[in-house]
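Descriptive structure summary
Chain residues, written in single-letter form:
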Amino acid sequence: QVQVVESGGGLVQPGGSLRISCVASGFTFRTYPMSWYRQAPWKERELVAGISSNGGRSNYADSMRDRFTISRDNNKSMVYLQMDSLKIEDTAVYYCKADGSPHCSGSVCYGRRQDYWGQGTQVTVSS
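Summary of the structure given here. This one's a predicted model, so the numbers in the text were calculated from it and none came from an experiment.

Time to look at the state of the cysteines. Within the structure shown, the criterion is met by two disulfides. Linked covalently through their sulfurs, C104 and C109 form a disulfide whose S-S length is 1.9 Å. Every disulfide takes its handedness from the sign of the S-S torsion; for C104 and C109 that torsion is 95 degrees, giving right-handed. Overall, the relative accessible area of 51% leaves C109 in the exposed class. Each bonded cysteine of the protein gets a number by its place in the sequence, and the pairs then read 1-2, 3-4.

Dropping the structure here:
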């Protein structure tokens with residue numbers, strides 16, 4: 001069965017740092033681009049960062065670009081989000097997603113596949 005599980009969330013002070021993790025199983029992790037999303041109370045879920053299947057390219061939402069870093073380890077089927085200079089407005093539930101959208105990875109192209117979502121991990125930034 002497919003599993004996507006986030007961990008590492010918690011309480012941190014403004015200006016602090018936190019690294020959250022996502023471990024996946026039950027599908028071919030190395031062929032999937034991975035993303036982090038977040039959702040704060042009363043707000044719509046938003047994209048935080050994405051990374052290509054081989055880890056060679058990444059992208060970020062503008063408000064996170066200079067503070068957050070996404071990475072992955074395909075040998076461990078894990079993806080990470082390093083969060084620095086955290087702000088109160090970063091408080092949210094952070095979700096890990098395996099992106100099944102059509103794409104090419106190296107010389108291999110994939111049609112649409114299933115998206116897989118984790119259950120989320122809570123990050124609270126407060127003094």
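The structure having been displayed, the exposition proceeds.
Inspection of the secondary structure assignment puts D99 in the loop between strand 9 (92-98) and strand 10 (103-105). We note that D99 is buried and unpaired, the nearest opposite charge coming from K97 at a distance of 4.3 Å. Of the polar contacts made by the side chain of D99, one reaches the side chain of S101; its length is 2.8 Å. Not counting residues up to four positions away in its chain, the partners in contact with D99 are Y32, P33 and D115.

Its location among the elements puts Y60 in strand 6 (residues 58-60). By relative accessible area, which is 15% here, Y60 ends up buried. For the pair formed by Y60 and L47, sequence separation is 13 residues and the distance between their alpha carbons is 7.8 Å. Those residues in contact with Y60 that lie beyond four places of it in its chain are V48, A49, R65, F68, T69 and I70. A distance of 3.0 Å separates a polar side-chain atom of Y60 from the backbone nitrogen of I70.

Reading across the sheet, the four strands line up as 1-3-8-7 and stay open at both edges, with antiparallel pairing between neighbours. Looking at which strands have only one partner, the edges of the open sheet turn out to be strand 1 (3-7) and strand 7 (68-73). Adjacent strand axes in the sheet meet at a mean angle of 15 degrees, parallel and antiparallel pairs treated alike. The pairing of strand 3 (residues 18-25) with strand 8 (residues 78-83) spans six bridges and is classified as antiparallel. Along strand 8, the bridge assignment pairs V23 with M78.

The next point concerns the pairing of strand 1. The alternating pattern of strand 1 places V4 and E6 on a buried face, while none of Q3, V5 and S7, on the opposite face, is buried. Direction of pairing for strand 1 relative to strand 3: antiparallel, over a ladder of five bridges. Note on strand 3: the bridge partner recorded for Q3 is S25.

Definitions and cut-offs
Residues numbered from 1 in each chain as written. Predicted model: local features only at pLDDT ≥ 70, side-chain atom pairs only at ≥ 80, totals over all residues. Heavy atoms only, no water. Disulfide = S-S within 2.5 Å. Buried < 20%, exposed > 50% of the residue type's maximum accessible area, 1.4 Å probe, protein only. Helix = DSSP H or I, 4+ residues; strand = E, 2+ residues; numbered from the N terminus. Lys, Arg positive; Asp, Glu negative; His and termini not counted. Salt bridge = Lys/Arg side-chain N within 4 Å of Asp/Glu carboxyl O. Polar contact = N/O pair within 3.5 Å; in protein donor to acceptor, adjacent residues only side chain to side chain. Contact = heavy atoms within 4.5 Å. Pairing = 2+ DSSP bridges. Axes fitted to C-alpha atoms, helices over the stretch in contact; angles between N-to-C directions.

Coordinates in, geometry out; function isn't part of it.
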